Structures are given as C-alpha cells and as structure tokens.
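A structural walkthrough
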Amino acid sequence: MPEAFALVGQQLYRQLSQILADPVLGGVNDPLELVRSALEIRSGAEALMVAAVERAREAGRTWQEIGDVIGVSRQAAFQRYGKPIDPRNGEPMNTNPLPDAVELARAVIDHHLHGRWTEVSARFDDSMRAGLTEEGLAEAWAYIVGLAGAYERHGDTDVVRAGDFTVTNTPLAFEAGDFVARITFRDDRTIAGLFILNPDAAASGAGASTGT
C-alpha cells in the first residue's frame, strides 16, 4: 500500500505541475481545457485520499480517528472509504452508488414541491406502494409545511451506498426550519425508503432505511 500511495501521489504531482506550468494559464483560448485539467486534478486528489485512508487503516488507525481528521463521523468515513464484506456470501460488497442518484433524488423532491404525488408513488417498490398512499404523501408534506412554513431551497445532495441500496440525503430549507430528505433507491431505481427528517435525526446515521 505505501507503493500505491506513492504512485498516486507522484501522478497527482505531475498533473498539478503541468497545469501550473502551462502558459495557457496566462491567456487561454479555450477555458474549458483548464476546466478539464482541474477536473483531472480533483479526481487525482480523491484517488490519493483513498490510498491515504487505506494506508492509515493498514497502520491500525480506527475509523473514528480517520473521521476526526476529515471532519465526519466514523460511519460516514467508513461509508465513503470502507470496503465492507457481504455477510451473506463473504464477497466484497458493491460500494458504488447509482450514478444518477442525485438526479433521481432531485426529481422526487421536485414532485413534492409541485404536488405530483402520482409521479412519486409510481417510483415506489412494492413494499413502499403497499405502505404509503398518495394521500399519505400529501399529508406528510403538508405536515412539514405546517411546522416550518413555505419551502425555500435545497442544498447539495449527499450520496452513499449501503448494502443493496443507494441512500441520498438532501438538505431542505423552509422559511422557519430545516429538514433533510432521505430517499433510498434500489438498483432498479425504485424507491425503497422516503423520509423527511430533522437535521439531528439525519446526522445520527445514513443507514439504508426502508419503508415509509
């Protein structure tokens, strides 16, 4: 692992040196080329972080210590960088979330804002469809509005993979309060869980909750 960390670090160093030394910075004809170069740097930095976390784990550091360094909980650190083993078969678990999870979550939130309950329920898996009606969706949203007033905006969506599910957490700002929309998707992109949580409850864990 030290070798892997060194290789990733050297590659990132070369990329960064190239972009900083390139005279294009002084008068770029196509600014998108600079954007592409910066994107490569960002991807390289994340690869270096993955290698660094693996190295720390091999050195015996705990997820709590790693989480403290990067400013997240130990669970969040594990969900982002851990390599869980599936207890059902002993194989490494898929840790890659759905690639379009952010867009899926934003669509569900948008349907809520416009009262398109049929569109929301159409995305439900069988368990959700059996447990939550369109009337129930409308009542729950009205309850939130009654507590915190009119919806104002949403924040950036956080996405994690947990077992067989992709879990999205999107901050929602209302005129008198804040909530988090937690939506759980199956790999077939159906909704397996839908919750509007207060921030404290959302911060307590990002597990793959299912049901209503």
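The rules behind each value
- Residues numbered from 1 in each chain as written.
- Predicted model: local features only at pLDDT ≥ 70, side-chain atom pairs only at ≥ 80, totals over all residues.
- Heavy atoms only, no water.
- Salt bridge = Lys/Arg side-chain N within 4 Å of Asp/Glu carboxyl O.
- Helix = DSSP H or I, 4+ residues; strand = E, 2+ residues; numbered from the N terminus.
- Buried < 20%, exposed > 50% of the residue type's maximum accessible area, 1.4 Å probe, protein only.
- Polar contact = N/O pair within 3.5 Å; in protein donor to acceptor, adjacent residues only side chain to side chain.
- Contact = heavy atoms within 4.5 Å.
- Axes fitted to C-alpha atoms, helices over the stretch in contact; angles between N-to-C directions.
- Left-handed = near helix turned anticlockwise from the far one by under 90°.
- Nonpolar A, V, L, I, M, F, W, Y, C, P; charged D, E, K, R; others polar.
- Core = buried A, V, L, I, M, F, W, Y, C linked by side-chain atoms within 4.5 Å.
- Pairing = 2+ DSSP bridges.

1. Here's the deal with the pattern of salt bridges
This structure, assessed with the given rule, holds eleven salt bridges. Note that Asp164 is salt-bridged to Arg88, the shortest N-O span being 3.0 Å. Placement of Asp164 in the loop between strand S2 (158-162) and strand S3 (165-174) and of Arg88 in the loop between helix H4 (74-81) and helix H5 (101-113) is noted, with a sequence separation of 76 residues between them. Look at Asp164 and you get partly exposed, because its relative accessible area is 38%. According to the relative accessible area criterion, Arg88 is exposed, its value standing at 57%. The network of salt bridges with common partners includes Asp86, Arg88 and Asp164.

2. Examining the side chain of Thr190
Within the secondary structure, Thr190 sits in the loop between strand S4 (177-185) and strand S5 (191-197). Residue Thr190 is classed as buried on the basis of its relative accessible area of 19%. Polar contacts involving the side chain of Thr190 include one to the side chain of Asp188, which spans 2.6 Å. In this structure, Thr190 is in contact with Arg123, Phe124, Asp125, Thr184 and Phe185, ignoring residues within four places of it in sequence.

3. Quick word on the packing of helix H2 (residues 31-58) against helix H3 (residues 63-70)
Look at H2 against H3: their axes get within 10 Å of each other, and the N-to-C directions meet at 145°. Once H2 is placed against H3, the crossing between them reads as right-handed. The residues of H3 that touch H2, namely those facing Met49, Val53, Ala56 and Arg57, are Trp63, Ile66 and Ile70. Considered class by class, the residues forming the contact of H2 with H3 number six nonpolar, no polar and one charged.

4. Considering the nonpolar core
As a rule of thumb, nonpolar side chains are buried together in soluble globular proteins. Residues Phe124, Ile183, Phe185, Ile191 and Leu194 are the most contacted members of the largest nonpolar core, which totals 23 residues. In terms of nonpolar packing, the next biggest core, distinct from the first, is built from five residues, Val53, Trp63, Ile66 and Tyr81 among them.

5. Considerations on the pairing of S3
Counting buried positions over the ten residues of S3 gives nine, a clear majority of the element. In this structure, strand S1 (residues 151-154) lies alongside S3, joined through three bridges in antiparallel fashion. Across the sheet, residue Arg153 finds its bridge partner in S3, namely Ala173. Pairing analysis gives five bridges linking S2 to S3, with the strands arranged antiparallel. When the sheet's bridge partners are listed, Val159 is paired in S3 with Thr168. Between the antiparallel neighbours S2 and S3 lie two residues, among them Gly163 with a positive phi of about 65°. Here S3 runs beside S4; their pairing, made up of nine bridges, is antiparallel. Opposite Asn169, over in S4, you have Arg182 as the bridge partner. In this antiparallel pair of consecutive strands, S3 and S4, the connection spans two residues.

By themselves, these are just geometric observations and shouldn't be taken as functional.
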